[in-house]
Each structure stands twice: as C-alpha cells, then as structure tokens.
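What follows is the residue order along each chain.
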Amino acid sequence: MTTADAALATPLPAERAWLIVVRRLLADPLGTLGLTIVVLLVISALSADWLATHDPFELAPRQRMQDPSPDHWLGTDQLGRDVFSRVIYGGRIALWVSLTAVSLSLFGGLVLGMLAGYGPRWLDNALVLLFDSVRSFPTIMFALAMVTLLGPSLGTIITVIVVASIPVYGRIVRIQTLSLKETEFVLAERALGAGPIRVLFSHILPNVIGPLLILASMEIPVVITIEAGLSFLGLGVRPPTPTWGSILQEGYQYIRDTPWLVIAGGLPLILTTLGFTFLGEALRDAFDPKLNRP
Amino acid sequence: MEPLLDIRDLSVEFATPRGKVKALRRIDLTVRPGRIVGIVGESGCGKSTLVSAVMGLLAGNAQVTSGSIAFEGRQLRDLPEPAWRDIRGRRLAMVFQDPMTSLNPVISIATQMIDIQHRDDASRGDKLKKAIAWLAKVGIADPEQRIEDYPHRFSGGMRQRIAIAMALLMNPALLIADEPTTALDVTLEAQIIHLIKQLRSEFDGAILFVSHNLGLIAEICDEVVVMYAGEVVEHAEIRRLFHSPSHPYTQLLLTCDPARIESEERTLPTIGGTVPDLAHLPGGCIFAARCPEAFERCRAEAPGTYRVADGHSVRCFLHADD
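Residues numbered from 1 in each chain as written. Chains lettered and ligands numbered in written order. Predicted model: local features only at pLDDT ≥ 70, side-chain atom pairs only at ≥ 80, totals over all residues. Heavy atoms only, no water.

(A) How the structure looks around the nonpolar core. Ranked by size, the top nonpolar core spans 110 residues in total, and within it B:Leu10, B:Leu92, B:Leu174 and B:Phe209 carry the most contacts. Counting 59 residues, the second largest nonpolar core, distinct from the first, contains A:Leu41, A:Val87, A:Ala94 and A:Ile161. (Core = buried A, V, L, I, M, F, W, Y, C linked by side-chain atoms within 4.5 Å. Buried < 20%, exposed > 50% of the residue type's maximum accessible area, 1.4 Å probe, protein only.)

So this is what it looks like as structure tokens:
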C-alpha cells in the first residue's frame, strides 16, 4: 500500500475542513494580524468596564485639554473627560453597531434574496427594482432624512445602515439562488419529494451562507466607518455617548493645539478597519478551494 | 396485469421565442409492475422531456397539451404541487445523468440521506441505519464511516451508487434512470448496470431506463420504446426489437450501432439527413424525409400506431392494416 492509498483509506472527520481553514488563515501574516486586532478589539469592548481608567462621562472642568499623563493615558478633552476611557467605550459602540447592523442586513438580504431567486418572476422583478432603487439613493441623503424624521440615535444609525446594505447581500443571494436552483442536485432533491421550503433551507442556504459570511466580515469595517462618519457629521449617536466619530469631531476643533484628540479617535478607527479587512480577505482566500495552497 | 404507469396520447409543447416547439406528440407508454422498460433515441428526441413530464418537473415554459399520465391508477396530469411531492420520492424516484452534480456539495451524505426520509416518522437514528444499510447494498465499503463524508470525497462511480441508494431508499414503485451511466467511463458503466440488475431482487418496483446506448438497453431491459423527434416510433419486447425491428428508423439505428458491425469498415454508417425542426413540423410521417422506404402516403399523412405482433407496435405505414 502506497502512502497515497493509506491517506485515502484513513477516514478523515468532517471537522478537518475547519482545521484547514484555520491553518491557512494563520499561514497568512496579514490574516494573523487581522485576527489579532479583531480579537483585541473584542476583548477590550467586552471588558471596557475593567479596562477604562475613568468614567467616560465624568466631567472635570478643571482638568480640560490635558496632555497625556500617567493618570490620563491619552489626556483629557475639552470637558475634562478621560480620552482613553472614551476610546475604549467607543470601541464597544463601534462593535455593537457594526455587528448588529451587519447581522440584521445579512439576515434581511438572505431572506429577500432567496425569495427573489426562488419565488415567482413578478416577486423577483419587484425585489430587484427595490434593491436598485435603494442602491441608487445616496446613503448620506437617506441618513439625513432618517435622522430628521426619527432623531439621531443608535437605532436610527443601525436602521440606515441595514436598509442601505440589504441590497448588497440580497443581490448576491439572489444570483446564487438563481444558479443553484438550476443545478442537478436541487432537481434531484425535488425528484425525491422535497418542497420549496426544504430545498431553500436544506440545500440552497448551506451553499449560499459561506460566501455571504465572508462578505459580512468585509462589510464590518465599512459599517464602522459609516457610523463614525455619521457621528462626525453630528447625525449619529447623541453627544454624551462616546464614539470614535464624535471623539474625532470634537478633537477636530482643537487640532492645532491638541492633536492627540484626533489621533486617539482616528487611530483605533484605522486599526479596526484594517484588522477586519485583513481578516475578511484572508478568510476569503482560506475558504477558496481554487487557491490550492497547503 | 394492471399497468403501473400508463401514458396515453401525451403531448408536450414548449413556448419559445421562435414559437411553440412540439417536443412530445401523442406518446403512448405502459410500464407494468416489476418490468424494466428502456427508452432509446438520439439526443433531443424528447426522452428527458418525457421523463420530466412523468416526474412533474417540466420546465416553466412547458405545457402538457393533451393526453393523460396514470400512475398506480391515479391521474398525474394537472395534479397540484403538494400532491406531487407526496408521490415523488416515495412512489416515484429518479437517478440523474451526472453524479458529479446530482449531490449537494456542502452537505454530508448522511444529512442528505436522512433529509430525504422527512416523510417518515422514524427516529433520526433509525433513518441513519436505513441509509447505511442502503449504502452497503449499493456496494459502498465501510458505509458507517463513509456516510459522514461529503460528496467530493467520492469518485463518480461511487456517487452514482449513492444516488441510486438515495432513490431506492424510500422503496419507490417506479425508478426512473435518466442516462445513469452516460457520464461514467465504460468500466464504471458496466459496474452500475450490474448493480441495477442485482438490485432488482432487493426492490420490487419497475424501472424506466433512458439511454441512447442500444447495448445497455439490450443488457438490462425487458421491453423497449424507440423514440424519434418527439414520437414513439416502435415499442416491442427486447428480443423482438433486436431480431425483427419493424420501423425503418429502428432498423437504421441498429445498423449504425458500432457494436453490431462485423466487417471492417473505414467509416461508420450514419442515418442521412437531420431531425426535423420541432417548431415547424413537416406534414406526414416525421421520419419520411430520412426514410429509405418512404412512399407517397408517408409525405401526405401522419401514420397511426399499428400492431405487428403481441406487445409489438410500430408507427409506420409499412405495417398499416388499413
């Protein structure tokens, strides 16, 4: 028996596929870097209550605009609040907004995309028209309208992002469903008595979800920057709540005298965006069977 | 004996931008319990359309314009979709042509085989046991281990064995095999045919075997239906068809079969001419333009079905009794 025969004869458990993905991910230096940044961000967001040295809302008018010191690691802002603590809590908001918005739009896109792809022709046409109209509308105009109507809040931001990005997922799911429903295995399942619900959930969903999760991991940094952008424009989270965008916006006014405020708000934003992007790209490569690496 | 599947005067049309394509015209086909019936014909003659009509899986632009399909005494034509789903899988099952695409690539064999038993009330463990037992019957070695694997870990021949096991899992009354060996190489083809013959004892249903390979048909079928351009031109017991073919098309088809040519020849014989355009049918017999024995009547009117002997009918004026 040759070694190849021996390898074939040994049954490999299905979990091996995940080990291969993890190994490929760790073999990619940028992927490892991305994973590290994301893990650190998640840890800091989860343990913000212990990590923060001060109360992020505590005003201290006597200690305004201080330089970084052992007590205030990143100094204080124009109201005397500790910037380091605000950055840590801002990370919690950024992560919360992006994860909620991405999972809601992923879910919405999945449902609408499968309906469009598998449902009757008129429904497909109606949903594609809807996707295209939403995409053709400038996000910032839509955000302005929504904020005017509902007032600036976390919920409004999430709603704006979800509505604007459902078509991104919906289109991909629709195309995948359209091509999958013509495949022989779906026909075979139908020939063995599977109805539309069973075909969609047991056969199309598992085929669509992989690429969609990779897309989602690459959408997270986009959502974080949208949230920061809206907060910077004052359309986002209401002022006392610390977000990276509002830290940037407040620091922007004092950029000549105290540049660390802008750096403290901007650096985590850049790092997080890069981290998720690296991770997303590495995941995409790791899952791609055509890139036949070890 | 009461026929299991009784198709009478079935016609199917496809609506296309070029007009209506009459893919099947006045098809008669009977499958009795326990029999293996072959459907043979060249590409595009309507074999797959006929099978899809029986399964109720015709494309959206297809329409049954006439005739009836009776299965186990029940009328299948215009049956609502939920009732169809109840029949498919349990009473009617199908094996497809290409085993590389007929299994879902991202789900394990175990999950797929348990999933198709969704109408049974048995526990998951029992369903798994039944699936393993069927894998063993179709010759998958070490089925307890292998059932957890994904389709890409199996070769084409093994996947076709799995597809057959999945089709027979619910013990259907009629198994439709749509060119189940066309995508396989010759050795595997022989293995799969051997398997189907061997499984006849395991499962007591009938088989509708679609192929363009006359050798395979001769190997496993009890009777044969010859199709040409959407019509059944001849129907006979397997021995009768090979020993005394009655329709000129069948005769030509048999002379063109490379396996039956005994003398050494530089070129293989072919049937001259091409299949008529199904959107613009000629009047008269469908085969008249290519038929060496065609006479005036063939071009003027379409032949009916004439009986040559018991269980042997042909759609040709050469055997007309009127």
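Moving on from the model shown.
(B) Geometry of the packing of helix H8 (residues 154-180) of chain A against helix H10 (residues 196-232) of chain A. Residue and element names in this part refer to chain A. At their nearest, the axes of H8 and H10 sit 9 Å apart, and the two run at 150° to each other. Relative to H10, the element H8 lies roughly antiparallel. Along this stretch, H8 crosses H10, giving a crossing that reads as right-handed. Its residues placed into classes, the contact of H8 with H10 shows 17 nonpolar, five polar and two charged. (Axes fitted to C-alpha atoms, helices over the stretch in contact; angles between N-to-C directions. Helix = DSSP H or I, 4+ residues; strand = E, 2+ residues; numbered from the N terminus. Parallel < 35°, antiparallel > 145°, perpendicular 65-115°, else oblique. Left-handed = near helix turned anticlockwise from the far one by under 90°. Nonpolar A, V, L, I, M, F, W, Y, C, P; charged D, E, K, R; others polar.)

(C) Focus on the sheet that holds strand E1 (residues 5-16) of chain B. Residue and element names in this part refer to chain B. If you walk across this open sheet you meet the four strands as E2-E1-E4-E5, and the pairing is antiparallel. Across the chains shown, the open sheet's two edge strands, defined by having one partner strand only, are strand E2 (19-31) and strand E5 (74-75). Both E1 and strand E4 (residues 62-71) contribute to a ladder of eight bridges, which runs antiparallel. In the strand pairing of E4, Val12 is matched with Val64. (Pairing = 2+ DSSP bridges.)

(D) Examining the interface of chain A and chain B more closely. Between chain A and chain B, the contact holds 20 residues from the first and 29 residues from the second. Summed over both sides, the interface between chain A and chain B buries roughly 2,100 Å², with carbon and sulfur atoms accounting for 56% of that surface. For chain A, the biggest contributors to the area lost against chain B are A:Glu184, A:Ala191 and A:Leu192; these three give 29% of the whole. Inspection of the chain A/chain B interface yields one salt bridge. Where A:Arg198 meets B:Asp115, a salt bridge forms, and the shortest distance between an N and an O atom there is 2.8 Å. Linking chain A to chain B there are 10 residue pairs in polar contact (both at pLDDT 80 or more). The set of elements that each furnish at least two residues to the side of chain A that touches chain B consists of helix H9 (184-191) and H10 of chain A. The element best represented in the side of chain A that touches chain B is H9(A), accounting for seven residues. When its residues are assigned to classes, the side of chain A that touches chain B shows 11 nonpolar, five polar and four charged. (Contact = heavy atoms within 4.5 Å. Buried area = accessible area lost by both parts, 1.4 Å probe. Salt bridge = Lys/Arg side-chain N within 4 Å of Asp/Glu carboxyl O. Polar contact = N/O pair within 3.5 Å; in protein donor to acceptor, adjacent residues only side chain to side chain.)

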